[in-house]
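# Chain and residue survey
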Amino acid sequence: MMDAHLVAARPGFRLDVRVTARAGEVVALAGPGGAGKTTALRVLAGVDPPCGGHFTLDGVPMDAWPAGRRPVAMVTPDPLLFPHLTVLENVAFGPRCHGASRAAARRCAAVWLEQVGLPEHHHTRPRDLTPGQSHRVALARALAVRPRLLLLDGPLTDGALPRPRTRSVLRHHLAAFPGVCVLTVTDPADAASLATRTLLLHDGACLREETVRPS
Ligand SMILES: Nc1ncnc2c1ncn2[C@@H]1O[C@H](COP(=O)(O)OP(=O)(O)OP(=O)(O)O)[C@@H](O)[C@H]1O
């Protein structure tokens, strides 16, 4: 269960949005550019400081937890893979940071690369991946740490894969994901194919909340 009241301030902009979700729910933050979608994810991830509100996951207050210690994984539009590591090492990095042995982390990474359809790319360097493959590696890297909250910023906007293909890959993983997922979309129609619930944001506030389908 996630319970968040996200309050953040930037010059000329204030975010003030309440987001609650149960495990298994996929919440889409929809809205035009500048609505505050990415800022909301960044506050949840712990990379942008809030200036009020609260955030609990399964009853545990997260506000004081640094980004690296939160059971939260975020996939950004730029996949931000480590260029000097292979694909397998990129995905194994998270489990290693969470205390897995080198061998266990590599086994875990191999499983997730298989899951995202890239089993033959263990030794590939990020520079040799297509943009679509890079995004799938980033998704594998996020899922490999078994986060309780998965944040996907603009998963349909990269244009690297045909959108129906990206949608079906994401739908498959989100259906099996046991935690809460919060993702961002510009077009609310995109939310319908992925989310169980949509919050329509405008200028930092939630204009409307819609249940798309029961989780
Ligand atoms: N690093 C930053 N420094 C200052 N202001 C910022 C920064 N990042 C975003 N903003 C401002 O915060 C507001 C919300 O931006 P945000 O990126 O959260 O919106 P968004 O809904 O995700 O937009 P988009 O769909 O274009 O990514 C905007 O007014 C934006 O200009």
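Bear in mind that the values here come from a model prediction, so they are computed numbers and not experimental data.

Another point: the domain arrangement of the chain. Domain boundaries assigned for the chain yield domain 1 (1-71 + 147-215) and domain 2 (82-145). For domain 1 versus domain 2, the distance between C-alpha centres works out to 23 Å. If you look at the interface, domain 1 gives ten residues, while domain 2 gives eleven residues. Carbon and sulfur atoms make up 72% of the area that domain 1 and domain 2 hide from each other, which totals about 880 Å². Along the contact surface separating domain 1 from domain 2 lie zero salt bridges. Along the contact surface separating domain 1 from domain 2 lie one residue pair in polar contact (both at pLDDT 80 or more).

On to the site of the ligand. The environment of the ligand is formed by Arg-10, Phe-13, Pro-32, Gly-33, Gly-34, Ala-35, Gly-36, Lys-37, Thr-38 and Thr-39. Separating an oxygen atom of the ligand from a backbone N or O atom of Ala-35 is a distance of 3.0 Å. At 2.9 Å from an oxygen atom of the ligand is found a main-chain nitrogen or oxygen belonging to Gly-36. Considered on its own, the ligand offers 640 Å² of accessible surface; in the complex 53% of this is hidden by protein.

This part covers the packing of helix 2 (residues 87-97) against helix 3 (residues 102-115). Axis angle and axis distance: for two packed helices, these are the angle between their axes and the distance between the axes, and together they describe the pair. For the pair helix 2 and helix 3, interaxial distance at closest approach is 8 Å and the crossing angle is 120°. When the axis of helix 2 is compared with that of helix 3, the two are oblique. Pair helix 2 / helix 3 crosses with right-handed handedness. Residues Val-87, Leu-88, Glu-89, Val-91, Ala-92, Pro-95 and Arg-96 of helix 2 form the contact with helix 3, whose own contacting residues are Arg-102, Ala-105, Arg-106, Cys-108, Ala-109, Ala-110, Trp-112 and Leu-113. Each residue belonging to the contact of helix 2 with helix 3 can be placed in one class, and the counts come to eleven nonpolar, no polar and four charged.

Scanning the entire structure with this criterion turns up one aromatic pair. The ring of Trp-65 carries Arg-69 above its face, with NZ or CZ at 5.4 Å from the centroid. The ring of Phe-82 carries the charged tip of Arg-141 above its face, separated from the ring centre by 5.6 Å.

Turning our eyes to something else, we now look at the packing of helix 2 against helix 4 (residues 131-143). The geometry of helix 2 relative to helix 4 is characterised by a closest axis approach of 7 Å and an angle of 30° between their N-to-C directions. It follows that helix 2 is roughly parallel to helix 4 by the angle criterion. With respect to the hand of their crossing, helix 2 and helix 4 are arranged in right-handed fashion. Within the contact between the two elements, helix 2 uses Val-87, Asn-90 and Val-91 and helix 4 uses Val-137, Ala-140 and Arg-141. The residue inventory of the contact of helix 2 with helix 4, partitioned by class, reads four nonpolar, one polar and one charged.

Scoring rules and cut-offs
- Residues numbered from 1 in each chain as written.
- Predicted model: local features only at pLDDT ≥ 70, side-chain atom pairs only at ≥ 80, totals over all residues.
- Heavy atoms only, no water.
- Domains from an automatic or database assignment.
- Contact = heavy atoms within 4.5 Å.
- Buried area = accessible area lost by both parts, 1.4 Å probe.
- Salt bridge = Lys/Arg side-chain N within 4 Å of Asp/Glu carboxyl O.
- Polar contact = N/O pair within 3.5 Å; in protein donor to acceptor, adjacent residues only side chain to side chain.
- Near = heavy atom within 4 Å.
- Areas by Shrake-Rupley, 256 points an atom, 1.4 Å probe, with all protein chains shown as cover.
- Axes fitted to C-alpha atoms, helices over the stretch in contact; angles between N-to-C directions.
- Helix = DSSP H or I, 4+ residues; strand = E, 2+ residues; numbered from the N terminus.
- Parallel < 35°, antiparallel > 145°, perpendicular 65-115°, else oblique.
- Left-handed = near helix turned anticlockwise from the far one by under 90°.
- Nonpolar A, V, L, I, M, F, W, Y, C, P; charged D, E, K, R; others polar.
- Phe/Tyr/Trp six-rings, centres within 6.5 Å; stacked < 30°, edge-to-face > 60°.
- Lys NZ or Arg CZ within 6 Å of the ring centre and 35° of its normal.

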